[in-house]
Amino acid sequence: MKGKDSLALEYLYDHYSGALYGAIFRIVKKEEIADEVLQDVFLKIWDKIASYDATKGKLFTWILNVARNQAIDKTRSREISKEKKTTAIDNVVSRIDRSGFSEQGIEDIGVKDILKNLPEEQRFVVEHLYFKGYTQSELAEEHNIPLGTVKTRLRLAMQQLRTTLGVT
Amino acid sequence: MNIHEYISSGILEAYMLGELSEQERAEVEKNLAQYPELREELALLEETQERLLMEASIAPKASVKAALFAKIEAAPKAEAKVVPLTPTQPAASVWKFAAAASITLALISSYLAYDYWSKWKRTENNLAELIAQNQQVAQDYNRVNQRLDKLEDDLKITDDPSFKRVILNGTPNAPQAMASVYWKESSKEVYLSLQSLKQLSKENQYQLWAIIDGKPVDAGVFDGDFAGLLKMKDIGSGAAAFAVTVEPRGGKASPTLETMQVVGNVVKG
């Protein structure tokens, strides 16, 4: 992969694009934006693969962080551009868009099944971190939860998921 | 360091999510390198995270992949550009080999062509030579055969008792000269054989005369360079002697006695 082989990139795409797109789509909530972000993510992987250090973690962890950062950056730049807009119609349309997606959002059957065994407060943290584009700090700030509590909830959730997902 | 407390603090999750500062990150990596338990715990977290995201997969449209790889193809990296150059190397060497082979082939075939040409030429010369030799042998054979036939014919005459042999000896004009006449009176045939006569000029010829009843009778002209017997003109019966004179080419009606070369009387009986 580090030899800039496009076949290796294609392998990565075939293997991970679904997982990454699932995260990206839930964060940006618009198909054409998600498509764009996914392409940007793989172009970035293609460009920066040499900086990936296998001794510091799994390849997927590195790729997922690239994808999450890219998706969050995109969402924030859109938020800013939206704030600048003055027409009422745009605001209405965008609100409808957002609510539509949030209804759908995490209700996906596969993810719901996995997360259903988690206590409500833990599921809340996992959803926000992985599917809503929040960092632990942002979640703590926005929802007035101490950062230590967020960390603990995530930690407990990950231990529960380990069992649910059969990781040994 | 209390490993359990360190793990419980949730710092590995934060590390995994990329939420640490550079300083915190460096410290975690130092601890990971030092403690296998930490590496094991991180590996489990990463595996859990990956499975969770895999479960939450949404397949992007195929057009996204096509557009992505079209972009990558359109803007290949400098390293990637080196790759297409390698396949040309074997192709070039194939052409090189083909060219070398065709030149070798051309050299071989032109050598063979020359070799065959010279062999053919040599064979042709040999054949011409053999044909010429064959013709020569055939000619020689014919000549010998003809000569043999002639000799056999001559022999019949000289062996035939009915032919009288008349020896003509040299006159004072040509004391070394000598010739013979075979004459068959019944059939009037006359043959001449030369033992020794000098070469004449082209203007002159020898002329044979038969003396019948005291008068010279023309028996024909001849050149002095034949072998064997030469048939002469028929003459009437009662020849008493034969003589040869030198006359202008074509002969004369009457002999020039001063030029008589040989003369011989017919022996009676």
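Note that the coordinates shown come from a computational prediction; the quantities given were computed from them, not determined experimentally.

Before going further, it helps to spend a moment on the overall build of chain A. When helices and strands are tallied, chain A shows 8 helices and 0 strands. Along the chain direction, N to C, the helices and strands of chain A fall in the order α-α-α-α-α-α-α-α. Within chain A, counting contacts between residues at least 6 apart in sequence, those at least 24 apart form 63% of the total.

We now examine the nonpolar core. Among soluble globular proteins, nonpolar side chains are generally buried collectively. Counting 51 residues, the largest nonpolar core has A:Leu20, A:Ala23, A:Ile24, A:Leu38, A:Ile63 and A:Ala67 as the members making the most contacts within it. When residues in this core are grouped by element, the largest group, 10 residues, is from helix α1 (residues 6–28) of chain A. Core analysis: the second largest hydrophobic core is formed by 28 residues, B:Trp183, B:Val190, B:Leu192 and B:Leu229 among them.

Looking now at the pairing of strand β2 (residues 178–184) of chain B. Direction of pairing for strand β1 (residues 164–170) of chain B relative to β2(B): antiparallel, over a ladder of 6 bridges. By the bridge assignment, B:Ile167 is partnered in β2(B) with B:Ser180.

Quick look at the sheet that holds β1(B) now. Residue and element names in this part refer to chain B. Spatial strand order, β5-β4-β7-β8-β1-β2-β3-β6: 8 strands in an open sheet with antiparallel pairing. Edge positions in the sheet fall to β5 (215–222) and β6 (229–231), since each of these pairs with one other strand and no more. Recorded for the sheet is a direction-independent mean angle of 25 degrees between the axes of neighbouring strands. As defined by bridge partners, strand β3 (residues 189–196) adjoins β6 across 3 bridges and the pair is classed as antiparallel. Paired with Tyr191 across the strands is Lys231, a residue of β6.

This next bit is on the packing of helix α6 (residues 120–131) of chain A against helix α8 (residues 147–164) of chain A. Residue and element names in this part refer to chain A. Where α6 meets α8, the closest approach of the two axes is 9 Å, and the angle between their N-to-C directions is 95 degrees. Here α8 runs roughly perpendicular to α6, going by the angle between their axes. On α8, the residues that touch Glu121, Gln122, Val125, Val126 and Leu129 of α6 are Val150, Arg153, Leu154, Leu156 and Ala157. By residue class, the composition of the contact of α6 with α8 is 7 nonpolar, 1 polar and 2 charged.

The interface of chain B with chain A comprises 37 residues on the first partner and 43 residues on the second. If you list the elements that add at least two residues to the side of chain B that touches chain A, you get α2 (11–16), α4 (36–55), α5 (62–74) and α6 (78–82) of chain B. The leading source of residues in the side of chain B that touches chain A is α4(B), at 13 residues. For the side of chain B that touches chain A, the per-class residue count stands at 19 nonpolar, 6 polar and 12 charged.

In this section: the UniProt feature "coiled-coil region" (unreviewed entry) in chain B. Residue and element names in this part refer to chain B. What UniProt calls "coiled-coil region" (unreviewed entry) maps, in this numbering, to residues 28–55 and 127–154. A distance of 29 Å separates the end C-alpha atoms of residues 28–55, which is 96% helix and 0% strand. When the span residues 127–154 is considered, its composition is 100% helix and 0% strand, and the gap between its end C-alpha atoms is 39 Å.

All names here are of chain A. Mapping Leu59 onto the fold places it in helix α3 (residues 59–84). Judged by C-beta crowding, with 17 C-beta atoms within 10 Å, Leu59 ranks as partly exposed. Considering only alpha carbons, one finds Leu59 and Leu12, 47 residues apart in sequence, at a separation of 9.8 Å.

Moving on: the pairing of β5(B). In the case of a regular strand, side chains alternate between the two sheet surfaces. Residues and elements named next belong to chain B. Here strand β4 (residues 204–212) runs beside β5; their pairing, made up of 6 bridges, is antiparallel. Paired with Ile211 across the bridge in β5 is Pro216. Between β4 and β5, which follow one another and run antiparallel, lie 2 residues, and Asp213 among them has a positive phi close to 55 degrees.

A word on the environment of B:Leu32. Residue and element names in this part refer to chain B. Summarising the element assignment, Leu32 is placed in helix α3 (residues 22–34). Take Leu32: there are 19 C-beta atoms within 10 Å of it, and that puts it in the partly exposed class. Note: C-alpha distance between Leu32 and Leu42 (10 residues apart in sequence) is 8.6 Å. Contacts of Leu32, omitting those with residues within four sequence positions, involve Leu38, Arg39 and Leu42.

Conventions adopted
Residues numbered from 1 in each chain as written. Chains lettered and ligands numbered in written order. Predicted model: local features only at pLDDT ≥ 70, side-chain atom pairs only at ≥ 80, totals over all residues. Helix = DSSP H or I, 4+ residues; strand = E, 2+ residues; numbered from the N terminus. Contact = placed C-beta atoms within 7 Å. Core = buried A, V, L, I, M, F, W, Y, C linked by C-beta atoms within 7 Å. Buried ≥ 20, exposed ≤ 12 C-beta atoms within 10 Å, placed from the backbone. Pairing = 2+ DSSP bridges. Axes fitted to C-alpha atoms, helices over the stretch in contact; angles between N-to-C directions. Parallel < 35°, antiparallel > 145°, perpendicular 65-115°, else oblique. Nonpolar A, V, L, I, M, F, W, Y, C, P; charged D, E, K, R; others polar. UniProt positions renumbered as here; feature names shortened; annotations may be inferred.

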